[in-house]
Amino acid sequence: MDLLANKIRPKALKDIIGQKHIIGEDKILSNLVKNKKMFSIILYGKPGIGKTSIANAIVEELKLPHRFLNATINNKQDFDIVIEEAKMYGELILVIDEIHRMNKDKQDILLPHLESGLIILIGLTTSNPYHKINLAIRSRVQIFELHELTQEEIKGGLKNACNYLNNIEISEDALDYISFASSGDFRSALNLLEVSYYSTKDQKVSLETVKNIEAKPVFFHDKNEDGHYDVLSAFQKSIRGSDVDASLHYLARLIEVGDLDSIYRRMSVIAYEDIGLANPAIGPKVMAAIHASELIGLPEARIPLGVIVTEMALSPKSNSGHIALDEAINDIRKGNIGNIPDHIKTNSPKYLYPHNYPNSYVSQTYLPNNLKGKKYYQQKNNKYENNLNHIWKETKGE
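Model, not experiment: these values are computed from the prediction.

## What about the packing of aromatic side chains?
Following the criterion strictly, the structure yields one aromatic pair and no others. Measuring from centroid to centroid gives 4.7 Å for Y197 and Y198, while their planes differ by 80°, and the two rings are edge-to-face. Among the residues examined, Y197 registers a relative accessible area of 7% and is labelled buried. For Y198, a relative accessible area of 48% corresponds to the partly exposed category. Taking the ring centre of F39 as reference, the NZ or CZ of K37 above it sits at 5.5 Å.

Right, dumping it as structure tokens:
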């Protein structure tokens, strides 16, 4: 049986759901296809948000010879065959799913042909390629991160998919529920829609029909009220505001829909954005709680999550570290850069090695001359930063 997800797979980039940052009028991928010129790329992001669909649309529109392989399933011989085909055609698009799992042998086969342009690679992965993919591959491709689909984008895609299901009647609240229950995974949403359709006698899909199949808690809200992303926002703002009860309430909402990935990502951001130098041990503690949660899974994952979120809410707060970096980044973007001082350039004989001086400190200039005296870091008034500042002054002999 041909699944609905395969029936509606887009044949052109204009039919892709979401990803407006790279697809659409005067966007990079659309312009490349329009100009009939494609370079090797890697698309990464969560499952079900369009990686394979984008790759399929690109090869359909460019009408170039192409092959689809999986880095885990296909062996070295399969890659050899593709390269021989590419030599026959003169150019070939190779789409590799799960590219983060491609071993060194396969990479070694591909590298020279990526370099020559014989193979145009479209790599697909759910893992961050900056962490999971070999530098030799990364240096030969452009990397694009795909964004999570919104509930409205998924709902729009579902309405289009309904055209492929004969005589379907589906209520708005059923569409809302499917859009929410899929947690940003459009493929999952399509599968739920299709199962709901074929599970009815008269092809009339109601909210009750869907809930009988996918019984997630019904506390989501429509577009005029607080939706899933608003719950995440409230979660972070409650921790930032040191309201432990509200923090646990929104954590409970997220746990009840099983959205552990969003919890992990948001906690990781909060640890450094909102708590930061006021309690620098919180970052490793958050990572440890995430690891424990992944190890034991739900429902027990709620235990380490409850403990760490309670500590995060009760922790002192400071955003001084990331605000300081943002100020430095703003200078770079405005062109306030300047030359690196000669005495700290590589192998400079004028460099004063701090460890050769009392307290491992010696006064010398590090910033470019045009930024001399610039202060990015502004200390917040908390125990840890006060202590750091005290130690720093002692080191300088003040």
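## Notes on the packing of helix α14 (residues 260–275) against helix α16 (residues 302–314)
Two elements in contact, α14 and α16, have axes separated by 11 Å at closest approach and are oriented at 25°. Considering the angle they form, α14 stands roughly parallel to α16. Here α14 runs over α16; the crossing is left-handed. When α14 is examined against α16, the residues L260, I263, Y264, M267, I270, A271 and I275 are found in contact with a partner set consisting of L305, I308, V309 and M312.

## Comments concerning the environment of N160
Along the chain, N160 turns up in helix α8 (residues 151–161). Using a relative accessible area of 41% as the deciding quantity, one classes N160 as partly exposed. Put simply, N160 and I8 are 152 residues apart on the chain and 8.7 Å apart in space, counted from C-alpha to C-alpha.

## A closer look at helix α18 (residues 383–396)
The terminal C-alpha atoms of α18, which comprises 14 residues, lie 20 Å apart, in line with the 20 Å expected from a rise of 1.5 Å per residue. Directly after α18, the chain includes G397, whose backbone phi takes a positive value near 80°.

## What to know about the confidence of the model for the protein
Overall, the prediction assigns the protein a mean pLDDT of 88, with 96% of residues at 70 or greater. Per-residue pLDDT stays below 50 along residues 218–226; that stretch engages in 16 contacts with residues further than four places along the chain or on separate chains.

## Considerations on the side chain of D331
Secondary-structure assignment places D331 in helix α17 (residues 320–333). On the basis of relative accessibility, which here comes to 3%, the residue D331 falls in the buried class. Side chain to side chain, D331 and Y376 meet in a polar contact 2.6 Å long. Not counting chain neighbours up to four residues away, the residues in contact with D331 comprise N336, L371, K374 and Y376.

## Some thoughts on the sheet that holds strand β1 (residues 41–44)
The five strands are arranged β2-β3-β4-β1-β5 in an open sheet whose pairing can be described as parallel. The strands lining the two open edges of the sheet, one partner per strand, are β2 (66–70) and β5 (142–145). Put simply, the sheet's adjacent strands are angled 15° from each other on average, direction ignored. Judged from the four bridges that link them, β1 and β5 form a sheet pairing that is parallel. Looking at β5, one finds that L43 is bridged to F144.

Here is what the cut-offs are and how they apply
Residues numbered from 1 in each chain as written. Predicted model: local features only at pLDDT ≥ 70, side-chain atom pairs only at ≥ 80, totals over all residues. Heavy atoms only, no water. Phe/Tyr/Trp six-rings, centres within 6.5 Å; stacked < 30°, edge-to-face > 60°. Buried < 20%, exposed > 50% of the residue type's maximum accessible area, 1.4 Å probe, protein only. Lys NZ or Arg CZ within 6 Å of the ring centre and 35° of its normal. Axes fitted to C-alpha atoms, helices over the stretch in contact; angles between N-to-C directions. Helix = DSSP H or I, 4+ residues; strand = E, 2+ residues; numbered from the N terminus. Parallel < 35°, antiparallel > 145°, perpendicular 65-115°, else oblique. Left-handed = near helix turned anticlockwise from the far one by under 90°. Contact = heavy atoms within 4.5 Å. Expected span 1.5 Å × (residues − 1). pLDDT = per-residue confidence, 0-100. Polar contact = N/O pair within 3.5 Å; in protein donor to acceptor, adjacent residues only side chain to side chain. Pairing = 2+ DSSP bridges.

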